[in-house]
Amino acid sequence: LVYRTEANRLGRRELQWMNDFDASVVCAERETLLLGPDAPRDRVHVIETGAVADADTPLSGKEPVALPDEPVVGFLGAMDYEPNVEAVCWFSRSIWPRVRRVRQDAEFLIVGRSPGIAVKRLTADPSIHVTGTVPAVDPYLEQMRVMVAPLRLARGLQTKVLTAMAAGLPCVVTSCVAEGIGAEAGSEILVANSEQGIADLVLSLVEDKAGGIAIGTAARDFVARKYQAAARLERLESRLQGGVGTPACAEMEGALS
């Protein structure tokens, strides 16, 4: 009852905000599907998040990525965000034991700020490590053989996955995460929803380093093609300079092209 009441109130306020402002920006086309019939769609623009900052040094075309020999599986994300907490707890309790039965040397690395009690308790398993806040994520990404994002509640674009893909890490994600990214399942990203399905994909990447390198390289090239930050910033700058009258459908076509 509390959540339903809050959702109704927030929905009315969001509609008011969209009508009050000259433009509203969402980061994925599928978010526009959540808008009600009264939303001012001519003021809503899709501008995806950019993951590659420097367009002058694209990632694509480089040599294949390098992955470590150690079977380290990683998760990256703010650990005070409930969907992330639920994801790592589910993975640690229901999926990770399936991985460890096959690879007893595997380690699970949870990287992200503000881990609460539920996440810290996971370290009762000596193969699970929780970092808390780190000054930079790159050194931790370099330790990972595979990145997982087993979220069961996800909307918009999961930038943590784009960050890992841009670093050349093969990623195993749930379908609700994959939908927001748009990479090709099986070649640029691996997708599963069941506990055994996720465990099998993680093990396949741990066991087959060459296969992981191929998927990681394809993932890196996909992000370089589709998520250059400069193009997104140019589109946002256009909106800020007054080009806010473009119909939402036309903007979506431009964002998805």
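Values in this document were obtained by computation on a predicted structure and should not be read as measured data.

Reading the values: rules and limits
Sequence order as written defines residue numbering, which begins from 1 separately in each chain. In view of the model being predicted, local features appear only for residues whose pLDDT reaches at least 70, and side-chain atom pairs are presented and counted only at 80 or more, with totals across whole chains, interfaces and linings using the full set of residues. Side-chain figures throughout are based on the complete set of non-hydrogen atoms in the structure, without hydrogens or water. Each helix is a run of DSSP H or I of at least 4 residues and each strand a run of E of at least 2, with the numbering of both proceeding from the N terminus. The buried label goes to any residue with under 20% of its type's maximum accessible area, the exposed label to any with over 50%, and the partly exposed label to all in between, with areas taken from a 1.4 Å probe on protein chains only. Contacts are residue-level and defined by heavy atoms, with any inter-residue pair within 4.5 Å sufficient. The definition of a polar contact used here is a pair of N or O atoms within 3.5 Å, where within protein one atom must be able to donate a hydrogen and the other to accept one, and adjacent residues in sequence count solely through side-chain atom pairs. Any Lys or Arg side-chain nitrogen located within 4 Å of an Asp or Glu carboxyl oxygen qualifies as a salt bridge. Patches in this entry comprise residues that are over 30% relatively accessible and not in a salt bridge; like charges within 9 Å are linked, as are nonpolar side chains (Val, Leu, Ile, Met, Phe, Trp, Tyr) within 5 Å. Under the convention used here, a 1.4 Å probe and the Shrake-Rupley method define accessible areas, while residue burial counts only the protein chains that appear.

> Any chance you could explain the environment of Arg232 here in plain terms?
Mapping Arg232 onto the fold places it in helix α10 (residues 229–240). Among the residues examined, Arg232 registers a relative accessible area of 11% and is labelled buried. Arg232 sits 184 residues away from Glu48 along the chain, and the two C-alpha atoms are 6.5 Å apart. Excluding its chain neighbours within four sequence positions, the residues that come into contact with Arg232 are Ile47, Glu48, Thr49, Gly50, Lys226 and Tyr227. At 2.3 Å, the side chain of Arg232 forms a polar contact with the backbone oxygen of Lys226.

> Sorry if this is basic, but what is going on with the pattern of salt bridges here?
Any two side chains of opposite charge can pair if their charged atoms end up close together. Tallying each qualifying case throughout the model produces 9 salt bridges. For the salt bridge of Glu86 with Arg152, the shortest nitrogen-to-oxygen distance reads 2.3 Å. Highlighted residues: Glu86 in helix α3 (residues 82–102) and Arg152 in the loop between β6 (146–149) and α6 (159–166), separated in sequence by 66 residues. The class of Glu86 is partly exposed, set by a relative accessible area of 28%. With relative accessibility at 47%, the residue Arg152 sits in the partly exposed group. The salt bridge involving Glu207 is made with Arg103; its shortest N-O contact spans 2.7 Å.

> I'm lost on unusual backbone geometry in this one. Help?
Peptide bonds are, in most cases, trans, and in most cases residues other than glycine have a negative phi. Its identity is not glycine, yet Ser114 carries a phi of approximately 55 degrees, on the positive side. By the secondary structure assignment, Ser114 is in the loop between β4 (107–111) and α4 (117–120). Owing to a relative accessible area of 38%, Ser114 belongs among the partly exposed residues under this scheme.

> Where do I start with a nonpolar patch on the surface in this structure?
On the surface, Val25, Leu233, Leu236 and Leu240 cluster together into a nonpolar patch covering about 390 Å² of accessible area. Element by element, the count of residues in the nonpolar patch is highest for α10, at 3 residues. Overall, the relative accessible area of 42% leaves Val25 in the partly exposed class.

Function-wise, these values are silent; they only describe arrangement.
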